[in-house]
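# Summary of the model geometry
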Amino acid sequence: MHDFLKATGETLLMVGASSLFSVLVGLPLGVLLVLTRPEGLLPKPPFYRVIDVIINVLRSLPFIILMIVVFPLSRLLIGRATGTVATIVPLAVAAIPFVARIMEQSLLEVDGGVLDAGLACGARVGQLVFTVLIPEALPALVNGVTITVINIVGNSALAGAIGGGGLGDLAVRYGLYRRDPVKLLVAVVITIILVQLVQFGGRALENSLRRDAPQASL
Amino acid sequence: MGILTVKNLSKSFPLEETTLKAVDEVSFSVKEGEIYGLIGLSGAGKSTLVRCLNLLMRPDGGEVWFDGIDLVKQPEEVLREKRREMGIIFQHFNLFMRKTVFDNVGYPLRLAGRNKQEIKARVDELLDYIGLTSHAASYPAELSGGQKQRVAIARALALNPRLLLSDEATSALDPVNTELVISMLRRVVEDLGIAVVLITHQMEVAKALCDRVAVMEDGKIVEENTMEALFLQPKEPATRKIVRGFDEDIPLDHFAALAAGPVYRLGFRTDTVMRPLISDISRRFDIGVNILAGNINALVSGDVGYLVVSFDAESEAASSAIRFLQESGVEILKLTNGGDIHA
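What you see as residue numbers is a count from 1 along each chain, following the sequence as written. Labels follow written order: the first chain is A, the first ligand is 1, and so on. Side-chain atom pairs in this predicted model are given and counted only at pLDDT of 80 or more, local residue features only at pLDDT of at least 70, and totals for whole chains, interfaces and linings cover all residues.

### Concerning unusual backbone geometry
Apart from glycine, the bulk of residues carry a negative phi angle, and the bulk of peptide bonds sit in the trans form. Residues and elements named next belong to chain B. You will see that Asn8, though not glycine, has its phi angle at about 50°, which is positive. A run of H or I in DSSP counts as a helix once it spans at least four residues, and a run of E counts as a strand once it spans at least two, with each numbered from the N terminus. Along the polypeptide, Asn8 turns up in strand E1 (residues 4-14). Residues are called buried when their C-beta atom has 20 or more other C-beta atoms within 10 Å, exposed when it has 12 or fewer, and partly exposed otherwise; all C-beta atoms are positioned from the backbone. On the neighbour-count criterion, Asn8 (12 C-beta atoms within 10 Å) is exposed. Its identity as a non-glycine residue notwithstanding, Glu25 has a phi of 55°, on the positive side. In this structure, Glu25 sits in strand E2 (residues 19-30). With 14 C-beta atoms counted inside 10 Å, the residue Glu25 sits in the partly exposed group.

Laid out in structure tokens, this is it:
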């Protein structure tokens, strides 16, 4: 029992921290991509193309390979390459380009006419980002974060298996090495519950933010 | 010099092989308190032009004089200030979907740095003006098209602009809501005395609101006149195309086939529209007049009408009749020679 609590805690820490960091870096990157694209409000095509290519390259690396490549970075930032805290680094690094792309797509869904209206009201581009672009895209952004977190739960299980701890580590130890199907099942069920909670919570938050259909009167 | 003067404004877009001149050397001037119409069919460059007027889009060349300064030469900082004196409403309203009606209308005030009480006072006043006080806490998705456009009008008026740009503001509305928005715009102009640049492809809208209009085709202004003159004697083919779109549903070649003799379009001004001129010429010159089409249009300046007629034959009497009509103040336009078309 203690094992499961500890492993779940480790998974929550890995997933929570790397989700937070990936959104903190990925969302601004997504905003930059939207603004600097050739049709954007601050077109900087060379900058856009460089970021675009980097994101595509990072996204095409399988996570397990990326993790090994990122080991030196973990050592530099955390002081070691394995363990729960150190694993936050590759998880975040893998998620950042994903988040950037998914935020970019969500922000692009904001109607250009609405942005025009904001500018016509006298907004600077910076003000427009915080008062129109992000608020208007918020439900889609929340949906993007939900998908990201679920993705990271999956990656964290993989990372756990190669030295990160957490539920993935537990599943490998009990399920693979000790052939204990009951404990394996428990690890699987906890993971499923985690993903469902994230999915359910994300969906509920997203729906509560939507204003594009008539609201049910209270 | 009017409140807005545009000189030689141009804007092109690169296409696959050529460039599209969306706005081509356009010049016009709008007076204080005037409703100036820019009409033209889809693709004539109207919407590009309006985006160049508040510099949401940088024109390739030309000048946009507003309030004594050429906006084209101003840095972004000054443009932002000037945009606050220039409201705009759009075809698809472009309201902020995740802001309430109150916050939509208050948005320009918030950007301008007004405090909470000032914003509340002004927004309440505006919502009262557009008759949507009870919808302050609603979101745009809960409103009808006409209500959305009224909210957009309130937002555009929030900072007391001196000029309102209206980009196809009624094109997405049904006839009832179109009528509502038209009367709201008319009220705005009467109450606040602001000038309006009204972009539309709907003649009905221009007819109900505009003092003067410019007709756009292929990025150029091909004809500019008072609404009355445009109706009486549309000179350019493009104008006639638009004018015909709403007052002559029957194509010219149909007239030509119908009538043996030449076909004329007679334009009646406000002062001649009520006179029985056709029976006059029929009696006086003893000729038969065949009326092929006709209509009366209620403009801002008064009623104007037109008739499309042909005479029995091209004769001395017909020429005299035409001369008589001309002397009576009727605008004559020869549409066909009977058989062939000179449209």
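Past the structure itself, the notes keep going.
### Here we look at the sheet that holds strand E7 (residues 163-167) of chain B
All names here are of chain B. Following DSSP output, two strands are said to pair if at least two bridges run between them. Pairing is mixed across the open sheet formed by six strands, whose spatial order is E6-E7-E8-E3-E9-E10. Of all the strands in the sheet, the pair left with one neighbour each is strand E6 (86-89) and strand E10 (220-226). Across the sheet, the mean angle separating the axes of adjacent strands is 15° when strand polarity is ignored. Summarising the sheet, E6 and E7 pair through four bridges and their orientation is parallel. The residue bridging Met86 from the neighbouring strand is Leu163, located in E7. On the sheet, helix H5 (residues 145-157) packs against E6 and E7 and is oriented at approximately 170° with respect to E6. Fitted lines through C-alpha atoms serve as axes, helices being fitted only where they are in contact, and the angles separating the N-to-C directions of these axes extend from 0 to 180 degrees. By the criterion used throughout, residues are in contact when their C-beta atoms, derived from the backbone, lie within 7 Å.

### Observations regarding the packing of helix H1 (residues 2-36) of chain A against helix H6 (residues 125-164) of chain A
Any two packed helices are characterised by how steeply their axes cross, that is the angle between the axes, and by the distance between the axes. Residues and elements named next belong to chain A. Their axes nearest at 7 Å, the elements H1 and H6 cross at an angle of 140°. The angle between the axes of H1 and H6 places the two elements in the oblique class. Note on packing geometry: the crossing formed by H1 with H6 is right-handed. Where H1 abuts H6, its residues Thr11, Met14, Val15, Ser18, Ser19, Ser22, Val23, Val31 and Leu35 lie against Val125, Val129, Val145, Thr148, Val149, Ile152, Val153, Ser156 and Gly164. Residues that form the contact of H1 with H6 fall into these classes: 11 nonpolar, seven polar and no charged. Oblique is the label for every angle not falling under 35 degrees (roughly parallel), over 145 degrees (roughly antiparallel), or within 65 to 115 degrees (roughly perpendicular). Should the near helix be turned counterclockwise from the far one by less than a right angle, the crossing is left-handed, whereas a clockwise turn marks it as right-handed. Polarity classes work like this: nonpolar for Ala, Val, Leu, Ile, Met, Phe, Trp, Tyr, Cys and Pro, charged for Asp, Glu, Lys and Arg, and polar for all others, with Gly in that last group.

### Description of the pairing of E1(B)
Residues and elements named next belong to chain B. Bridge count between E1 and strand E4 (residues 61-66): five bridges; the pairing is antiparallel. Bridging across to E4, Ser10 finds its partner in Gly61. Pairing analysis gives eight bridges linking E1 to E2, with the strands arranged antiparallel. Paired with Leu4 across the two strands is Val30, which belongs to E2. Taken together, E1 and the strand that follows it, E2, pair antiparallel across an intervening segment of four residues.

### Digging into the interface of chain A and chain B
With 20 residues of chain A in contact, the opposing surface of chain B contributes 19 residues. Where the side of chain A that touches chain B is concerned, the elements lending two or more residues are helix H5 (112-120) and H6 of chain A. Ranked by the residues each element gives to the side of chain A that touches chain B, the list is headed by H5(A), at six residues. Class assignment for the residues of the side of chain A that touches chain B results in 11 nonpolar, four polar and five charged.

### Topic: the pairing of strand E8 (residues 195-200) of chain B
Residue and element names in this part refer to chain B. Most of E8 is tucked away: six of the six residues are buried. Residues Ala195, Val197 and Ile199 line one face of E8 and the alternating positions Val196, Leu198 and Thr200 line the opposite face, and both faces are buried. Of the pairings in the sheet, the one linking strand E3 (residues 35-39) to E8 comprises five bridges and is parallel in character. The residue bridging Ile39 from the neighbouring strand is Thr200, located in E8. Crossover handedness is defined by viewing with both strands directed away from the observer: a clockwise path from the first strand over the helix to the second marks the crossover as right-handed. In terms of handedness, the path from E7 via helix H6 (residues 175-192) over to E8 forms a crossover that is right-handed.

### Let's talk about the packing of H5(A) against H6(A)
Residue and element names in this part refer to chain A. Following both chains from N to C, one finds H5 and H6 inclined at 155°, their axes separated by 10 Å at the closest point. It follows that H5 is roughly antiparallel to H6 by the angle criterion. In terms of crossing hand, the pair formed by H5 and H6 is right-handed. Contacts between H5 and H6 involve Val114, Leu115, Gly118 and Leu119 from the first element and Leu128, Thr131, Val132, Leu133 and Glu136 from the second. Of the residues assigned to the contact of H5 with H6, the class counts are six nonpolar, two polar and one charged.

### Focus on the domain arrangement of chain B
Residue and element names in this part refer to chain B. Each domain's extent is set by a domain assignment, obtained either automatically or from a database. When the domains of chain B are assigned, the result is domain 1 (4-232) and domain 2 (248-336). Taking the mean C-alpha position of each, domain 1 and domain 2 sit 38 Å from one another. At the junction of the two partners, domain 1 supplies nine residues and domain 2 supplies eight residues. Put simply, the parts of the chain that give the side of domain 1 that touches domain 2 at least two residues each are helix H7 (203-209) and helix H8 (227-232). Among the elements that make up the side of domain 1 that touches domain 2, the one with the highest residue count is H8 (four residues).

### Focus: helix H8 (residues 181-209) of chain A
Residues and elements named next belong to chain A. One fewer than the residue count of a helix, multiplied by 1.5 Å, yields its expected span. Taking 1.5 Å of rise per residue, 29 residues should cover 42 Å, and H8 covers 42 Å from first to last C-alpha, within 8% of that figure. Along H8, the residues classified as buried are Val186, Ala187, Thr191 and Val198. The secondary structure elements touched by the buried residues of H8 are H1, H6 and helix H7 (166-177).

### Section: the sheet that holds strand E12 (residues 289-299) of chain B
Within a sheet, each strand pairs with its neighbour through backbone hydrogen bonds, oriented either parallel or antiparallel. Residue and element names in this part refer to chain B. As summarised here, the arrangement of the four strands in space is E12-E13-E11-E14, forming an open sheet in which the pairing is antiparallel. Sheet topology places E12 and strand E14 (331-336) at the edges, where each strand pairs with a single neighbour. On average, adjacent strands in this sheet sit at an angle of 20° to one another, irrespective of strand direction. Where strand E11 (residues 263-268) meets strand E13 (residues 302-311), six bridges bridge the pair, whose relative direction is antiparallel. The partner of Leu266 across the bridge, within E13, is Leu307. Strands in contact with helix H12 (residues 316-327) are E11, E13 and E14; relative to E14, the strand with the most contacts, it is inclined by about 140°.

### Describing the confidence of the model for chain B
How sure the predictor is of each residue is captured by pLDDT, a score from 0 to 100. For chain B, the average pLDDT comes to 86, and 92% of its residues sit at 70 or higher. Residue range residues 339-343 of chain B is modelled with pLDDT below 50. Its contacts to residues more than four positions away, or to other chains, number 14 contacts.

### Details of H6(B)
One turn of the α-helix equals 3.6 residues, which is why residues spaced by three or four share an orientation. Residue and element names in this part refer to chain B. In this model H6 runs 25 Å from its N-terminal to its C-terminal C-alpha over 18 residues, within 8% of the 26 Å that 1.5 Å per residue would give. Listing the buried residues of H6 in full gives Thr178, Leu180, Val181, Ile182, Leu185 and Val188. Contact partners of the buried residues in H6: H5, E7, E8 and H7.

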